[in-house]
Amino acid sequence: PNYKSILPMYFPNFITISVNTLTNAIKRCGAFADAATGLIAFHCTEGYLSIRAQDVDFARSAYESIPCEYEGDNIEINFNMKYILEIISHIKTDTLRIKLSDGSRPGIFTPTGESADTTTFLLMSMFIPKTK
């Protein structure tokens, strides 16, 4: 199949981050995510990736900010934490790069470094409507 036709072509936002740091932060915050959606929010700013998870049914939430290299505008994007952890488990380098367009488009995850291969992972963002 022509899989390249579904890959976004324009990525103005890039996160380069330690695989270990990201994995541990997602696991810590993910323990507080809604069990049905597994939703975690990434808020990207210069120098930091903030991760937020909440479960309103049980009135619990978690927030953590971790250092990263970030190029681009401040954005927020939601992902399913289980899928991110699955992707990260297949990255065999110490760092990875996440390419983002905006909060409504998929993210592209790729390994970085000298031993990086050409593997590319695409993960759709999640949109959860805000309730009043």
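Above this note sits the structure.
Below is a short write-up of the structure. Note that the structure is predicted; figures quoted are calculated from it, not measured.

## What about the side chain of aspartate 55?
By the element assignment, aspartate 55 lies in strand 3 (residues 48-55). A polar contact is formed between the side chain of aspartate 55 and the backbone nitrogen of aspartate 57, at a distance of 3.2 Å. Excluding its chain neighbours within four sequence positions, the residues that come into contact with aspartate 55 are Phe32, Ala33, Asp34, Ala35 and Arg60.

## A word on the packing of aromatic side chains
The full count for this structure, using the stated rule, is 2 aromatic pairs. Look at phenylalanine 79 and phenylalanine 109: their rings are 5.8 Å apart centre to centre, the planes differ by 70 degrees, and that puts the pair in the edge-to-face class. Linking phenylalanine 79 in strand 6 (residues 75-80) with phenylalanine 109 in strand 8 (residues 107-112), this pair joins segments that are 30 residues apart in sequence. Assessed through its relative accessible area of 0%, phenylalanine 109 is described here as buried. Joined through ring pairs, the aromatic side chains of Phe42, Phe79 and Phe109 make up one cluster.

The rules we used
- The numbering scheme is per chain: residues are counted from 1 as the chain's sequence reads.
- For a predicted model such as this one, the threshold for reporting local features is a pLDDT of at least 70, and the threshold for listing and counting side-chain atom pairs is 80 or more; totals across whole chains, interfaces and linings nevertheless cover every residue.
- The side-chain figures draw on all heavy atoms in the structure; neither hydrogens nor water molecules are used.
- Each helix corresponds to a stretch of at least 4 residues labelled H or I by DSSP, and each strand to a stretch of at least 2 residues labelled E; elements are numbered beginning at the N terminus.
- Whenever two N or O atoms come within 3.5 Å, that pair is a polar contact, provided that in protein one can donate a hydrogen and the other can accept it, and provided that, for residues adjacent in sequence, both atoms are side-chain atoms.
- Contact definition: two residues touch when any of their heavy atoms are within 4.5 Å.
- Working definition: a ring pair exists when centres of Phe, Tyr or Trp rings (six-membered ring for Trp) sit within 6.5 Å. Plane angles under 30 degrees give stacked, over 60 give edge-to-face, the rest tilted.
- Residue exposure (1.4 Å probe, protein chains only): buried if accessible area is under 20% of the type maximum, exposed if over 50%, otherwise partly exposed.

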